[in-house]
Amino acid sequence: MLIAIRVVAAGEALIAPAVTRRLIAEFARRPGPARRNSAGLAGVTDRERDVLELVARGLTTTEIARRLFVGLSTVKTHVSHPLTKFGARDRAQLVIVAYETGLVTAGIADADPPSAGAARQLSEGSSG
C-alpha cells in the first residue's frame with residue numbers, strides 16, 4: 001500500500017507497466033480510426049496534446065519530462081488538465097482518449113515526436 005501511495009505521489013501511473021502494455025496491445029489489435037478526430041481534442045493545448053501522446057505511448061512522468069526538457073511538475077500539470085477536460089479517472093483512460101481520437105495509432109510512431117521537435121528548437125536556438 002505504501003508503494004502505491006508513493007507512486008501516485010510521484011505522479012506516476014498506479015497501474016503496472018505490464019498492464020499498460022497489454023492495454024496498448026489490445027488497442028493495437030483493433031482497427032484504428034480512419035482519420036484524426038480533432039474535434040475530440042478541442043480545448044486541448046498543443047503542449048497538452050504532446051504530453052497526451054507520450055502518455056498514450058506508455059512513458060512515465062519522468063520520461064516525458066526528459067523528452068520535453070521540462071520539470072516534473074510541468075508534466076504533471078499538462079497531464080492533469082486533459083484528465084479534467086475529458087473527465088478521465090487516470091492515465092489509462094487518457095490512453096483510450098488518445099487512441100479513440102486518433103492522436104496515436106498503434107504501430108505508427110510520429111515521424112517528428114514532440115521530443116525531437118523540442119530538441120531541434122533547442123539546438124536551433126543555441127546556434128544563433
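The structure contained in this document is the topic of the report that follows. (Residues numbered from 1 in each chain as written. Predicted model: local features only at pLDDT ≥ 70, side-chain atom pairs only at ≥ 80, totals over all residues. Heavy atoms only, no water.)

### Looking at the side chain of Glu48
With respect to the helices, strands and loops of the structure, Glu48 is situated in helix α3 (residues 46-56). Under the relative-accessibility criterion, Glu48 is labelled buried at 3%. A distance of 2.7 Å separates the side chain of Glu48 from the side chain of Lys85, its partner in a polar contact. Setting aside residues up to four positions removed in sequence, Glu48 forms contacts with Gly43, His78, His81, Pro82 and Lys85. (Helix = DSSP H or I, 4+ residues; strand = E, 2+ residues; numbered from the N terminus. Buried < 20%, exposed > 50% of the residue type's maximum accessible area, 1.4 Å probe, protein only. Polar contact = N/O pair within 3.5 Å; in protein donor to acceptor, adjacent residues only side chain to side chain. Contact = heavy atoms within 4.5 Å.)

### Comments concerning the pattern of salt bridges
Taken as a whole and judged by the stated rule, the model has three salt bridges. Among the ionic pairs, Glu48 bridges to Lys85, the shortest N-O distance being 2.7 Å. Of this pair, Glu48 sits in helix α3 while Lys85 sits in helix α5 (residues 72-86); the two residues are 37 residues apart in sequence, bridging distant segments of the chain. With relative accessibility at 43%, the residue Lys85 sits in the partly exposed group. In this structure, Arg57 engages Glu53 in a salt bridge whose closest nitrogen and oxygen atoms are separated by 3.7 Å. Using a relative accessible area of 6% as the deciding quantity, one classes Glu53 as buried. (Salt bridge = Lys/Arg side-chain N within 4 Å of Asp/Glu carboxyl O.)

### Considerations on the environment of Ile15
On the secondary structure map, Ile15 appears in the loop between α1 (2-9) and α2 (17-29). It is 9.1 Å that separates the C-alpha atoms of Ile15 and Ala4, two residues lying eleven residues apart in sequence. Look past the residues within four positions of Ile15 in its chain and what remains in contact with it is Thr20 and Ala92.

### Structural notes on α3
Glu48, Val51, Leu52, Glu53, Leu54, Val55 and Ala56 are the residues of α3 that are buried. Two residues or fewer after α3 comes Gly58, characterised by a positive phi angle close to 90 degrees.

### Remarks on the packing of α5 against helix α6 (residues 91-100)
For the pair α5 and α6, interaxial distance at closest approach is 10 Å and the crossing angle is 70 degrees. Regarding the angle of α5 to α6, the classification is roughly perpendicular. Together, Val79, Pro82, Leu83 and Phe86 of α5 and Arg91, Leu94 and Val97 of α6 make up the contact between the two elements. Grouping the amino acids of the contact of α5 with α6 by side-chain chemistry returns six nonpolar, no polar and one charged. (Axes fitted to C-alpha atoms, helices over the stretch in contact; angles between N-to-C directions. Parallel < 35°, antiparallel > 145°, perpendicular 65-115°, else oblique. Nonpolar A, V, L, I, M, F, W, Y, C, P; charged D, E, K, R; others polar.)

Keep in mind that these numbers describe shape and distance, not what the molecule does.
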